[in-house]
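# Descriptive analysis of the structure
This is what each chain is made of:
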Amino acid sequence: TLQGNSGLAPAAVALSADVTSPGNVPISRVEFLANGNVLGSVSAAPYRYTWTNAGQGTWYLQARAVNNQGATGTSSSIAVTVN
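Residues numbered from 1 in each chain as written. Predicted model: local features only at pLDDT ≥ 70, side-chain atom pairs only at ≥ 80, totals over all residues. Heavy atoms only, no water.

## Considering the pairing of strand E3 (residues 27-34)
Burial within E3 is extensive, with 6 of its 8 residues counted as buried. The pairing of E3 with strand E6 (residues 57-67) spans 7 bridges and is antiparallel. By the bridge assignment for E6, Phe 32 is matched with Ala 63. The antiparallel hairpin formed by E3 and strand E4 (residues 37-42) contains 2 residues in its connecting segment, where Asn 35 sits at a positive phi of about 50°. (Buried < 20%, exposed > 50% of the residue type's maximum accessible area, 1.4 Å probe, protein only. Helix = DSSP H or I, 4+ residues; strand = E, 2+ residues; numbered from the N terminus. Pairing = 2+ DSSP bridges.)

Written out as structure tokens, the structure is:
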């Protein structure tokens, strides 16, 4: 599950992701994406990231978890608008 907030440009958008891994395989990192491009990654829980200087527009954000075996899972997109 991905959660975020928005504001006025240039915005600081706080993102967080709740992650579970099938079979309890450890998570190696969680990547945060905007319109398919990686903004940054976090390698330890809690999985939180602040996107600084987000430009004006509507952005489609996702979180992608990667476990220690290389398997990935990607969240549904959420739309965040920066005015």
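Still more ground to cover, so stick around.
## Considerations on the environment of Asn 83
Position of Asn 83 among the secondary structure elements: in the segment after strand E8 (78-82). On the basis of relative accessibility, which here comes to 53%, the residue Asn 83 falls in the exposed class.

## Re the packing of aromatic side chains
For any pair of aromatic rings, the description consists of the separation of the ring centres together with the inter-plane angle of the planes. Applying the stated rule across the entire model yields 2 aromatic pairs. Between Phe 32 and Tyr 49, the ring centres sit 5.9 Å apart and the planes meet at 15°, which makes this aromatic pair stacked. One end of the pair, Phe 32, is in strand E3; the other, Tyr 49, is in strand E5 (residues 47-54), and 17 residues separate them in sequence. Taking 5.1 Å as the distance between ring centres and 85° as the angle between the ring planes, the aromatic pair formed by Trp 51 and Trp 59 counts as edge-to-face. Look at Trp 59 and you get partly exposed, because its relative accessible area is 21%. (Phe/Tyr/Trp six-rings, centres within 6.5 Å; stacked < 30°, edge-to-face > 60°.)

## Structural notes on the nonpolar core
In terms of nonpolar packing, the biggest core is built from 17 residues, with Val 13, Val 30, Phe 32, Tyr 47 and Leu 61 touching the most fellow members. At the level of elements, strand E2 (11-17), E3, E5, E6 and E8 are the ones that each hand at least two residues to this core. Other than its neighbours up to four places away in sequence, Val 30 contacts Ala 17, Val 19, Gly 40, Ser 41, Val 42, Tyr 47, Ala 63, Arg 64 and Ala 65. (Core = buried A, V, L, I, M, F, W, Y, C linked by side-chain atoms within 4.5 Å. Contact = heavy atoms within 4.5 Å.)

Geometry only, nothing functional implied.
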